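Survey of secondary and tertiary structure
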Amino acid sequence: MRIVIAGAGAVGTHLAKMLSGNGHDLTVVDVEPKALAEVGNLVDVVTVEGDTTQFSVLRKAGVRKCDLFIAIDSIENDNVLAAETNDNGNFRTGFPQSY
C-alpha cells in the first residue's frame, strides 16, 4: 500500500515506524528538514520537504498515486486544509487528525 503521511512530528514519526515494517511504501512530508531527517534515519521512507497545504508539494509526494493519505501535522487547520486539497478521489482514504 502507498501511504503519504503529512507531518513528521511525534505522531507522524510513530505512524511511520508502525507502518514501515509491514511492506508499505511510505512518504513523509513536512516543512521542517530536521524532523524529516530524524524520521528518515529511523525508518525506510521517502521524505519530501514542503508545506503540506500546497498541492504542488503533495503532488511531489505522490498523493495522486497513494492509497492512504494521513494528515497528522501539529496544526489542526493545516490538516484539514491538506485533506481538502487532496480530496481528488485518487486514494482510498484520507483523514485529518488533530491532537
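Structure first, text after, so check above.
First, a word on what this report is: a plain description of the structure on this page. Being a predicted model, the structure only gives us computed values, none of them experimental.

1. Quick notes on helix α1 (residues 10-20)
Every buried residue belonging to α1 is among Gly12, Thr13, Ala16 and Leu19, and all of these are buried. Burial along α1 is one-sided: seen end-on, the buried residues are contained in an arc of 135°. Considering only its buried residues, α1 is in contact with β1 (2-6), β2 (25-30) and α2 (33-42).

2. Concerning the pairing of β1
Burial of β1 is extensive: four of the five residues sit out of reach of the surface. After leaving β1, the chain enters α1 and then returns to the sheet as β2, a path that is right-handed. As paired elements, β1 and strand β4 (residues 68-71) share four bridges and run parallel to each other. Residue pairing in the sheet places Ile3 in a bridge with Leu68 of β4.

3. Some remarks on α2
The α-helix advances 3.6 residues per turn, and as a result positions three or four apart in sequence lie on the same side. Considered for burial, the residues of α2 that qualify are Ala35, Leu36 and Val39. Viewed end-on, α2 has its buried residues packed into an arc of 100°, placing them on one side of the element. Relative to its buried face, α2 has exposed residues pointing more than 90 degrees away, namely Lys34 and Asn41. As for α2, its buried residues are in contact with α1, β2 and β3 (46-49).

4. Regarding the nonpolar core
Nonpolar side chains in soluble globular proteins tend to end up buried together. Core analysis: the largest hydrophobic core is formed by 15 residues, its most contacted members being Ile3, Ile5, Ala16, Val28, Val39 and Val45. Going through the elements one at a time, β1, α1, β2, α2 and β4 are the ones with two or more residues in this core. Per-element accounting of this core gives the leading share, three residues, to α2. Look past the residues within four positions of Val45 in its chain and what remains in contact with it is Ala16, Leu26, Val28, Val39 and Gly40. Formed by 12 residues, the second largest nonpolar core is a distinct cluster that contains Ala6, Val29, Val57 and Val63.

5. Regarding the pairing of β2
Every other side chain in a regular strand lies on the same face of the sheet, so the side chains alternate between the two faces. Counting buried positions along β2 yields five of six residues, so the element is predominantly enclosed. In this sheet, β2 lies alongside β1 in parallel orientation, the contact comprising five bridges. The residue of β2 that forms the bridge with Ile5 is Val28. Remark: the β2/α2/β3 crossover connection has right-handed handedness.

6. Concerning the side chain of Thr53
Looking at where Thr53 falls in the secondary structure, it is placed in the loop between β3 and α3 (55-61). Owing to a relative accessible area of 13%, Thr53 belongs among the buried residues under this scheme. Engagement of the side chain of Thr53 in a polar contact is seen with the side chain of Asp51, the distance being 2.8 Å.

7. Some remarks on the environment of Leu19
Counting through the fold element by element, Leu19 comes out in helix α1. On the accessibility criterion, Leu19 (18% relative accessible area) is buried. Between the alpha carbons of Leu19 and Met1 there is a distance of 9.9 Å; along the sequence they are 18 residues apart. Other than its neighbours up to four places away in sequence, Leu19 contacts Ile3, Ile5, His24 and Leu26.

Calculation notes
- Here the residue numbers are simple positions, counted from 1 along each chain's written sequence.
- Totals for whole chains, interfaces and linings use all residues, but because this is a predicted model, local features are given only for residues with pLDDT of at least 70 and pairs of side-chain atoms are given and counted only at 80 or more.
- In computing side-chain values, all of the structure's heavy atoms are included and hydrogens and water are not.
- The buried label goes to any residue with under 20% of its type's maximum accessible area, the exposed label to any with over 50%, and the partly exposed label to all in between, with areas taken from a 1.4 Å probe on protein chains only.
- Under the DSSP-based scheme used, a helix requires at least four consecutive residues in state H or I and a strand at least two consecutive residues in state E, with every element numbered from the N terminus.
- Picture the helix axis, draw a direction to every C-beta atom, and the arc is the one those directions span.
- Residue contacts follow a heavy-atom distance rule, with two residues in contact if any of their heavy atoms lie within 4.5 Å.
- Orienting the strands away from the viewer, one traces the path from the first strand over the helix to the second; a clockwise path indicates a right-handed crossover.
- A pair of strands is treated as paired once DSSP finds two or more bridges between them.
- To qualify as a nonpolar core, a set must consist of buried Ala, Val, Leu, Ile, Met, Phe, Trp, Tyr and Cys residues joined through side-chain atoms within 4.5 Å.
- Counted as a polar contact is a pair of N or O atoms within 3.5 Å, where, for protein atoms, one must be capable of donating a hydrogen and the other of accepting one, and residues adjacent in sequence contribute only when both atoms are in side chains.

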